[in-house]
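Chain by chain, the residues run as shown.
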Amino acid sequence: MFSLEQISKHYGEVVALDDVTLGFGVGTVSAIVGSSGSGKSTLLRLLLGLQWPDHGRIRVEGQLLERSIRLAIRRRIGYVIQEGGLFPHLTVRDNLALLPRHLGWSRERIDARAHELAALMELPESVLRRYPTELSGGQQQRVALMRALMTDPPALLMDEPLGALDPLVRAELQERLQQLFVSLRKTVLLVTHDLGEAAFLASRIVLIHDGRVAQDGSAADLYQRPADEFVRRFVAAQRIRPAGAP
Amino acid sequence: MSSCADSSPHSAFGRPARLDAVPSLIRHLCTLRLRRTRRGRALVLGSLALTLALSPLAGSAADAAGRPARVGSKNFTESVILAELLRLDAERHELTLQHERALGGSAILWRALLEGSIDVYPEYVGTLTQELLHGLPQPVMERELTRALYARGLAASAPLGFEDRYALGVPEALAARLRLRTISDLSAHPELRYALSNEFMNRADGWPGLLRTYGLAPRTLRGMEHTLAYRALAAGAADVVDLYTTDPEIEAYHISVLADDRHYFPSYQAVWLYRLDAAARWPALLPTFDDLAGHISEPAMRRMNAAAQLEQRDETAVAAAFLAQLHLASSTAAHGAATTVPGGRESAAATEAGESSAIAITHQLAARTREHLALVGISLALALMVGLPLGIAAAKLPTFGRFVLAVSVVLQTVPTLAMLVFMIPLFGIGATPAIATLFLYSLLPIVRNTLTGLTTIPAPLQESAASLGLPEHVRLLRIELPLAARTIVAGISTAAVINVGTATLGALIGAGGYGEPILTGIRLNNLPLILAGAVPAALLALLVMGLFQLLERWLTPRGLRASHEG
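About the cut-offs
- Residues numbered from 1 in each chain as written.
- Chains lettered and ligands numbered in written order.
- Predicted model: local features only at pLDDT ≥ 70, side-chain atom pairs only at ≥ 80, totals over all residues.
- Heavy atoms only, no water.
- 1 Å grid on protein atoms, 1.4 Å probe; cavity = no way out; pocket = protein on both sides within 12 Å on 5 of 7 lines; lining within 4 Å.
- Points joined across faces, edges and corners; volume = space filled by probe spheres on them.
- Helix = DSSP H or I, 4+ residues; strand = E, 2+ residues; numbered from the N terminus.
- Nonpolar A, V, L, I, M, F, W, Y, C, P; charged D, E, K, R; others polar.
- pLDDT = per-residue confidence, 0-100.
- Contact = heavy atoms within 4.5 Å.
- Buried area = accessible area lost by both parts, 1.4 Å probe.
- Salt bridge = Lys/Arg side-chain N within 4 Å of Asp/Glu carboxyl O.
- Polar contact = N/O pair within 3.5 Å; in protein donor to acceptor, adjacent residues only side chain to side chain.
- Phe/Tyr/Trp six-rings, centres within 6.5 Å; stacked < 30°, edge-to-face > 60°.
- Lys NZ or Arg CZ within 6 Å of the ring centre and 35° of its normal.
- Pairing = 2+ DSSP bridges.
- Core = buried A, V, L, I, M, F, W, Y, C linked by side-chain atoms within 4.5 Å.
- Buried < 20%, exposed > 50% of the residue type's maximum accessible area, 1.4 Å probe, protein only.
- Axes fitted to C-alpha atoms, helices over the stretch in contact; angles between N-to-C directions.

1. Brief notes about the layout of surface pockets
Line of reasoning, step 1. Empty space within the second largest pocket amounts to approximately 450 Å³.
Line of reasoning, step 2. Together, 21 residues line the second largest pocket, and B:Gln462, B:Glu463, B:Ala466, B:Arg475 and B:Glu480 are the ones closest to its centre.
Line of reasoning, step 3. Secondary structure elements with two or more residues in the lining of the second largest pocket: helix 2 (70-74) of chain A together with helix 16 (358-396), helix 19 (431-455), helix 20 (459-467) and helix 21 (472-502) of chain B.
Line of reasoning, step 4. Across the lining of the second largest pocket, the residue classes break down as eight nonpolar, four polar and nine charged.

2. Some details on the confidence of the model for chain A
Line of reasoning, step 1. Residues of chain A with pLDDT of at least 70 account for 96%, and the chain-wide mean is 87.
Line of reasoning, step 2. Here helix 9 (residues 229-238) of chain A is the element of chain A with the lowest mean pLDDT, 84, and helix 3 (residues 92-102) of chain A is the one with the highest, 93.

3. As for the interface of chain B and chain A
Line of reasoning, step 1. Contact with chain B, which involves 23 residues of that partner, is made by 25 residues of chain A.
Line of reasoning, step 2. Broken down residue by residue, the surface that chain B buries against chain A is led by B:Glu463, B:Leu468 and B:Arg478, which jointly contribute 26%.
Line of reasoning, step 3. Across the chain B-chain A interface, the total number found is one salt bridge.
Line of reasoning, step 4. Taken together, the links from chain B to chain A amount to six residue pairs in polar contact (both at pLDDT 80 or more).

4. Some words on the packing of aromatic side chains
Line of reasoning, step 1. Enumeration according to the criterion identifies ten aromatic pairs over all chains in this entry.
Line of reasoning, step 2. Ring pairing ties together the aromatic residues B:Tyr166, B:Phe200, B:Tyr244, B:Tyr264 and B:Phe265, which thus form one cluster.
Line of reasoning, step 3. Positioned above the aromatic ring of A:Trp105, the side-chain terminus of A:Arg109 is 3.8 Å from the ring centre.

5. Details of empty space enclosed by the protein
Line of reasoning, step 1. By the definition in use, this model includes five cavities of 30 Å³ or more.
Line of reasoning, step 2. Each pocket or cavity is described by its volume, and for the largest cavity that value is around 180 Å³.
Line of reasoning, step 3. Lining the largest cavity are 19 residues, with A:Ile77, A:Gly78, A:Arg147, A:Ala148 and B:Leu468 sitting closest to its centre.
Line of reasoning, step 4. Of all the secondary structure elements, the ones that give two or more residues to the lining of the largest cavity are strand 6 (77-81), helix 3 and helix 5 (137-149) of chain A together with helix 20 of chain B.
Line of reasoning, step 5. Looking at the lining of the largest cavity, the element that brings in the most residues is helix 3 of chain A, giving five residues.
Line of reasoning, step 6. Class assignment for the residues of the lining of the largest cavity results in eleven nonpolar, five polar and three charged.

6. Examining the pairing of strand 9 (residues 204-209) of chain A
All names here are of chain A.
Line of reasoning, step 1. Note that strand 3 (residues 29-33) and strand 9 share four bridges and pair parallel. Considered in strand 9, the bridge of Ser 30 is made with Arg 204.
Line of reasoning, step 2. As defined by bridge partners, strand 9 adjoins strand 10 (residues 212-217) across five bridges and the pair is classed as antiparallel. Opposite Val 206, over in strand 10, you have Asp 216 as the bridge partner.
Line of reasoning, step 3. Taking the residues that link successive antiparallel strands as the turn, the strand 9-strand 10 hairpin has two residues, and the phi of Asp 210 there is positive, at about 50°.

7. Points about the sheet that holds strand 5 (residues 63-64) of chain A
Residues and elements named next belong to chain A.
Line of reasoning, step 1. Taking strand neighbours across the sheet as the criterion, the four strands line up as 2-1-4-5 in an open arrangement whose pairing is antiparallel. With partners counted over all chains shown, the strands left at the sheet margins are strand 2 (14-24) and strand 5, one partner each.
Line of reasoning, step 2. As judged from the five bridges shared by strand 1 (residues 2-11) and strand 4 (residues 55-60), these two strands associate in the antiparallel manner. The partner of Ser 8 across the bridge, within strand 4, is His 55.

8. A few points about the nonpolar core
Line of reasoning, step 1. Counting 62 residues, the largest nonpolar core has B:Met224 and B:Ile429 as the members making the most contacts within it.
Line of reasoning, step 2. Of all the elements in the fold, those that place two or more residues in this core are helix 10 (226-234), strand 8 (240-244), helix 16, helix 18 (416-427), helix 19, helix 21 and helix 23 (527-555) of chain B.
Line of reasoning, step 3. By residue number, the principal contributor to this core is helix 19 of chain B, which donates eleven residues.
Line of reasoning, step 4. When sequence neighbours within four positions are dropped, the list of residues in contact with B:Met224 reads B:Ala195, B:Leu196, B:Ser197, B:Asn198, B:Ala229, B:Ala232, B:Ile429, B:Ala507, B:Leu508, B:Ile509 and B:Gly510.
Line of reasoning, step 5. Within the second largest apolar cluster, 49 residues are counted, among which are A:Val80, A:Leu96, A:Leu135 and A:Leu180.

9. Regarding the sheet that holds strand 7 (residues 155-159) of chain A
All names here are of chain A.
Line of reasoning, step 1. Across the sheet, which stays open at both edges, the six strands sit in the order 6-7-8-3-9-10 with mixed pairing between neighbours. Each edge of the open sheet carries a strand with a single partner, namely strand 6 and strand 10. Direction aside, the axes of adjacent strands within the sheet are offset by 15° on average.
Line of reasoning, step 2. Alignment of strand 6 against strand 7, held across five bridges, turns out to be parallel. What sits directly across from Tyr 79, in strand 7, is Leu 157.
Line of reasoning, step 3. Across the sheet, helix 5 lies against strand 6 and strand 7, angled at about 165° from strand 6, the strand it touches most.

Take a look at the structure:
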């Protein structure tokens, strides 16, 4: 679904990504993990064409990502960010309807899809008539996910989607996401700094440090065979045992 | 005799303190006034200045022993030069005069003289008979004038030799072509365009009477600021202006002064107006008056005005040069009675002095409102059509944005009066140049707020908007502009309110509106007249602000309101 070839990205003196080569297959769920400022969010923005690499090439579904096709690429990808990014001047329903309306969907089709997703996200239908500021943090993130899924894109990029939520809501949503990832069969890239969350939701973990891939493998690999001293310390700092780990 | 200035419609000039209550709009206007307001009565600014100027001057002449005699002057060049002439000449008589320079308009000087804050100042007989001694039966005879002054402890000297009268002027070329020599000749040419000073149009001894006396029926008639009227004439935007017979512009702009063949305009002989107790206390004053009496001719005065105004020479130097020539050329003529006063000329219009009052103002209010709304509405609509796209472009293209913002800031710093002057050669006079000016002033708030509104959308929202895959124009219309709407409407509202205020200055170039009574009122120090323009303007500003608040409320969806309240 996605491939990055020798990608480098600098912000002035700061190196966000340094010669990174990665591939993400269709239908896989991967977590990008790393400490703050390690370049993991940059990776998602590059895939969406919101930023452009200094060096290297990116392919989405085999197509070389270029400015001319960035809108088409963005429509193949659902994107969810930490703060939800819901537009406060629009109701939930209108937030959901933004892209479908532009694509010429009928009102009935939009409403049917909205109701379908509300059920999927276990939200009451009354939520659709509310404004984002009238929702709880957890509800807002569910709506953000609904918006990302509206046109049923093949890929889902999530940047710390649960980062701002309290632990109970967070755990509940983690459960929901896990079920969704299994049932929806989408290519998912999840950025998080929480290794436990990554291990719980993703089958593959890419640990990024100082713009480079420190280790790329399963949770068990990271715990049992850390590639270097940084990985060992990062894993130890999380104080969590992965499912199935001894 | 007690029916003097205090009971006249202009009684407010006697109480400068009350003028503090005048809305700041008017004070703003005052700071923009031109250097010369000539025979106009006190300016509001002048009265404020006088309050300050007089505060250190303790009490009346009687109790201030040993202080020098004081000569005052009005706030225009001619008056300052005359006062300097008197001061310099007094030195020849070993009399030291202190010159209180450019205090304000006639009303201010008159008041200062009555209170003993000054002892003498140059005045025009017409101003005395038509304005300052308002209660006198018309026509004012010499004997009555002397008596009226005497009752106040004042007297007037022999005439200085020149008159500073109102007159009408046309460009010399036009005069030659149409064979215009007298004002009567104008009645055959109703197609000529008149640009008259607002004060002249409203004075009892000005336009209304002139119209009747000569049966003029011009098709185009505009009220303007006096100096700007000259500019309009020079630019070919007007054919006939009113003028003062000692204006240096008459020669500078090659203007032909039309003869007042029906003797309509009252006499405006220049005299020294002084306190009788001062003449007793400083005996050298009267011989000094005699030195100058009859020696300052109209051309001589015009030359001195030109030297000071057009050549920018110092008034003292101008006065000194004139005195040197005078004393070189002649021995002083021994003039007789210093209290001789030329008779006030009969003036039909003067009897209707109080006419231009409440009724006329009420009748004009609707027209003024229409004019004002047109100025504000049209300029604002144009500014929206240009400012919004500019603001959007500025937000999308940072380099262009900085350029646009810099230009609108620079435009904002151009003083209104200067802007109006620039507009005359481009658009002539009337509403068009005023609308152009207001349009330019409206750009900054609209462009800046559009730019600010669009660029301060929170980063997560910008990122979400971008990631959806919507084309640029859809993002702009459905997401960015609605999110920026509050800020943009606030900018439009600012522009509109500023426009309501600034549009009052349109009256300077004949655009009409609420500015006409305000400007005239300021020149005549007529508070009711000022308020007749200022109050509706203030109300309109409040109304506009209220409407925009409603609009903002209506434009702001529930979601945004909640986010701002929560």
